[in-house]
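# Close look at the chain arrangement
What follows is the residue order along each chain.
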Amino acid sequence: QLQLVESGGGLVQPGGSLRLSCAVSGFTLENYAIGWFRKAPGKEREGVSCISSNGGSRSYADSVKGRFTISRDHAKNTVYLQMNSLKPEDTAMYYCAAERFRLCVAWRTGMNIWGKGTLVTVSS
């Protein structure tokens, strides 16, 4: 039963911060690259960030670079996405996903296991 469960979404004001969590079960986290994606109404799914299996490399979409930080804690079987300086255009359903390949190479299209998402709303 391979499973990823997102949490930490909510309503925040522009300029605020949130930390999203992706808890994994049924597989060994350190054997997988983990990505964060988002989907807003009327827009295509966007790859937000990816972290390699050992945490040695990280990738970010240009739209979030400098504001978001991805990290992983293997002791807690959890990957995090720290989101700072949030903007209304960051509003979306956020999903985490995993692939057996350990490097974030074709990560935007290569994910095999998906969570059900957590909603982030940025509004005043």
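Residues numbered from 1 in each chain as written. Predicted model: local features only at pLDDT ≥ 70, side-chain atom pairs only at ≥ 80, totals over all residues. Heavy atoms only, no water.

### Comments concerning the nonpolar core
One finds Leu4, Trp36, Leu81, Met83 and Tyr94 to be the most contacted residues of the largest nonpolar core, which totals 30 residues. Put simply, the parts of the chain that give this core at least two residues each are strand E3 (18-25), strand E4 (33-39), strand E5 (46-51), strand E7 (68-73), strand E8 (78-83), strand E9 (92-99) and strand E11 (118-122). Ranked by size, the runner-up nonpolar core spans 7 residues in total, among them Ala33, Phe37, Cys50 and Trp107. (Core = buried A, V, L, I, M, F, W, Y, C linked by side-chain atoms within 4.5 Å. Buried < 20%, exposed > 50% of the residue type's maximum accessible area, 1.4 Å probe, protein only. Helix = DSSP H or I, 4+ residues; strand = E, 2+ residues; numbered from the N terminus.)

### Concerning the pattern of salt bridges
By the definition in use, this model includes 4 salt bridges. Residue Arg38 pairs with Asp90 through a salt bridge whose shortest N-O separation is 2.9 Å. Of this pair, Arg38 sits in strand E4 while Asp90 sits in the loop between E8 and E9, and the two are 52 residues apart along the sequence. Take Arg38: its relative accessible area is 7%, and that puts it in the buried class. (Salt bridge = Lys/Arg side-chain N within 4 Å of Asp/Glu carboxyl O.)

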